[in-house]
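# Coordinates in review
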Amino acid sequence: MEVKNVLEQLYNGEIFLAEQYASKGEEYRKIHQGHYNHYEDFIELLSKLPPLLDKLFIESMDE
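Read on for a plain summary of the structure. Once a new chain begins, its residue numbering starts again from 1 and follows that chain's sequence as written. Local features in this predicted model are restricted to residues of pLDDT 70 or higher, and side-chain atom pairs are both shown and tallied only at a pLDDT of 80 or more, whereas totals for entire chains, interfaces and linings draw on every residue. Just so you know, side-chain values use all the structure's heavy atoms and leave hydrogens and water out.

### So, the overall build of the chain
So the rule is basically this: A run of H or I in DSSP becomes a helix once it reaches four residues, and a run of E becomes a strand once it reaches two; helices and strands are each numbered from the N terminus. Remark: exposure states derive from per-residue accessible area (1.4 Å probe, protein chains only) relative to the maximum for the residue type, with buried under 20%, exposed over 50%, and partly exposed in between. Exposure was quantified through the Shrake-Rupley algorithm and a 1.4 Å probe, taking into account, for residues, occlusion by the shown protein chains and nothing else.
Broken down by element type, the chain carries 4 helices and 0 strands. Across the chain, helices and strands are ordered from the amino to the carboxyl terminus as α-α-α-α. Here the chain, with 63 residues, has 10% of them falling under the buried criterion. Counting only carbon and sulfur atoms, one obtains 59% of the accessible surface of the chain, whose full area is about 5,800 Å².

The structure is reproduced here in structure tokens:
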């Protein structure tokens, strides 16, 4: 596959690197789930503090 062809495919939306080439193994899934659980726990902790730090954190992470 030549470079120009790959760039054209990316531009045309024919390939999606994050979806097509991300690891889908069981070990990766467990690690990803662990990180997500920590993220959710942290948001829950922040929601108990003023002034709605959980919403500020989520907005920051979404950027």
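### Considering the pattern of salt bridges
Close approach of charged atoms allows side chains of opposite charge to pair. Inclusion rule: The term salt bridge refers to a side-chain nitrogen of Lys or Arg lying within 4 Å of a carboxyl oxygen of Asp or Glu.
A complete count under the given rule lists 2 salt bridges for this structure. Glu26 is the salt-bridge partner of Arg29, the closest N and O atoms lying 2.8 Å from each other. Of this pair, Arg29 and Glu26 both sit in helix 3 (residues 26-47), 3 residues apart, which is roughly one turn of the helix. Across the pair Glu44 and Lys48 runs a salt bridge, and its minimum N-O distance is 3.9 Å. We classify Lys48 as exposed; its relative accessible area is 62%.

### Some points on the environment of Leu46
Where we set the bar: Whether two residues are in contact is decided by their heavy atoms: any pair within 4.5 Å suffices.
Examined against the element boundaries, Leu46 turns out to sit in helix 3. A residue is classified by how much of its surface remains accessible, and Leu46, at 11% relative accessible area, is buried. Setting aside chain neighbours within four positions, we find Leu46 in contact with Leu53, Asp54 and Phe57.

### Thoughts on the packing of helix 3 against helix 4 (residues 53-62)
The cut-off we apply is this: Here an angle of 0 to 180 degrees is reported between the N-to-C directions of two axes, which are lines fitted to C-alpha atoms, with helices fitted over the stretch in contact. Angle categories are assigned with fixed cut-offs, so that under 35 degrees is roughly parallel, over 145 is roughly antiparallel, 65 to 115 is roughly perpendicular, and the rest are oblique.
Contact geometry for helix 3 and helix 4: axes closest at 7 Å, N-to-C directions at 140°. Taken together, the axis directions place helix 3 and helix 4 in an arrangement best described as oblique. Contacts between helix 3 and helix 4 involve Tyr39, Phe42, Ile43, Leu46 and Ser47 from the first element and Leu53, Asp54, Phe57, Ile58 and Met61 from the second.

Function cannot be read off these values alone, since they describe shape.
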